[in-house]
Amino acid sequence: MDLRIFTEPQQGASYDTLLTVAKATEDLGFDAFFRSDHFLRMGSVDGLPGPTDAWITLAGLARETKRIRLGTLMTAGTFRLPGVLAIQVAQVDQMSGGRVELGLGAGWFEEEHKAYGIPFPKEKFARLEEQLAIVTGLWATETGKTFSYDGTFYQLTDSPALPKPAQRKVPVLIGGLGATRTPRLAAQYADEFNMPFASIEDTERQFGRVRDAAEQAGRAADELVYSNALIVCVGKDDAEVARRAAAIGREVEELKANGLAGSPAEVVDKIGRYAAVGSSRIYLQVMDLDDLDHLELISSQIQSQLS
């Protein structure tokens with residue numbers, strides 16, 4: 001079971017804070033550092049000092065880290081034109097020496113679009129499908145040849161399809177709860193399917209849909225990695241769990257019901273139940289980015305039992 005650290009910087013984090021967490025992620029033996037792609041806080045937090053751009057952040061971290069994978073859960077398709085996104089991701093992949101992964105979603109948070117003057121189209125999912133075709137098509141085009149695309153929303157003419165990523169193929173992550181279109185897109189474009197903040201039962205059901213869709217598309221279902229994103233709140237005793245829950249404004253029992261919370265033994269047991277339905281990677285949503293002792297505890301008491 002791979003454990004990855006997943007952050008939500010829009011809730012309040014500077015680049016320096018993210019760098020500190022990314023370095024701790026690397027030093028403590030976690031597999032990867034991922035971040036959300038949002039420009040507006042959610043809930044009652046103040047969000048200070050303000051948002052950071054996902055791909056600018058990852059570019060910086062690409063030069064400041066050596067081992068960990070770097071990526072997004074999920075880049076919002078509404079924020080970037082697909083040709084520009086392909087360039088950005090390829091460049092950051094080069095800067096990291098081939099450690100980047102692209103999670104790409106349709107975008108959903110209308111308020112942040114209004115706050116920063118970003119168009120919020122109605123046909124988001126259809127646009128996402130074209131974006132996936134373009135980004136992966138640009139990367140796959142042989143050097144010296146051109147790429148063209150004539151879609152409903154995007155048209156590219158004789159693109160040189162440069163630059164190329166350092167990796168032969170940048171892993172693409174697709175996720176979500178949709179019962180039909182999401183599995184179909186994952187089967188066509190994804191290297192990994194991610195189930196965000198879902199129960200074991202819902203995870204098993206959606207993994208089954210994706211596996212079926214992959215086989216219908218002529219792929220072996222096991223070609224994809226299947227993963228979950230879950231909030232984490234671990235403590236060496238009940239008092240520490242309660243303190244960490246209070247620090248992020250959540251209740252312990254709610255966290256236990258909807259995430260990975262409690263003692264290391266409780267969390268290891270629940271991760272095992274996700275593994276039993278096919279998950280091989282967990283993105284641990286860490287909300288208090290100043291609590292590095294939390295990461296150390298997860299590394300020493302949970303990751304050590306799963307590796």
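Residues numbered from 1 in each chain as written. Predicted model: local features only at pLDDT ≥ 70, side-chain atom pairs only at ≥ 80, totals over all residues. Heavy atoms only, no water.

**Some words on the packing of aromatic side chains**
Each aromatic ring pair is described using two quantities: the centre-to-centre distance and the angle formed by the ring planes. Enumeration over the complete set of coordinates arrives at six aromatic pairs. Their ring planes at 25 degrees and their centres at 5.1 Å tell us that Trp108 and Phe109 sit as a pair that is stacked. You can call Trp108 exposed: its relative accessible area is 55%. Seen from their ring centres, Phe193 and Phe207 are 6.3 Å apart, and the 80 degrees between their planes marks the pair as edge-to-face. Of the two residues, Phe193 is situated in strand 9 (residues 192-196) and Phe207 in helix 7 (residues 200-216); the sequence distance between them amounts to 14 residues. An aromatic cluster is defined as three or more aromatic residues linked by ring pairs; in this entry it consists of Phe39, Phe79 and Tyr116. The ring of Phe125 has Arg181 sitting right over it, with the charged end atom 4.2 Å from the ring centre. (Phe/Tyr/Trp six-rings, centres within 6.5 Å; stacked < 30°, edge-to-face > 60°. Buried < 20%, exposed > 50% of the residue type's maximum accessible area, 1.4 Å probe, protein only. Helix = DSSP H or I, 4+ residues; strand = E, 2+ residues; numbered from the N terminus. Lys NZ or Arg CZ within 6 Å of the ring centre and 35° of its normal.)

**Regarding unusual backbone geometry**
Omega for the bond connecting Leu73 with Met74 falls within 30 degrees of zero, at -20 degrees, which places this linkage in the cis form. Along the chain, the position of Met74 falls in the loop between strand 3 (69-72) and strand 4 (75-76). Omega for the peptide link from Leu162 to Pro163 comes to 0 degrees, which places this bond in the cis form. Inspection of the secondary structure puts Pro163 in the loop between strand 7 (155-159) and strand 8 (172-175). Located in the positive-phi region is Asp158, a residue other than glycine, with phi close to 50 degrees. Tracing the sequence through the fold places Asp158 in strand 7. According to the relative accessible area criterion, Asp158 is exposed, its value standing at 52%.

**With respect to the nonpolar core**
As a rule of thumb, soluble globular proteins bury nonpolar side chains together. Core analysis: the biggest nonpolar cluster contains 76 residues, and Leu3, Trp55, Leu102, Trp139, Leu284 and Ile302 have the highest contact counts within it. Top element by residues in this core is helix 5 (residues 124-140). It accounts for eight residues. Ignoring sequence-local partners within four residues, the contact set of Leu284 consists of Leu3, Arg4, Ile5, Phe6, Phe30, Leu230, Val232, Leu260 and Ile298. (Core = buried A, V, L, I, M, F, W, Y, C linked by side-chain atoms within 4.5 Å. Contact = heavy atoms within 4.5 Å.)

**Description of helix 6 (residues 181-189)**
Restricting attention to buried positions, one finds in helix 6 the residues Thr182, Pro183, Leu185, Ala186, Ala187 and Tyr189. Where helix 6 is buried, its residues touch helix 5, strand 8, strand 9 and helix 7.

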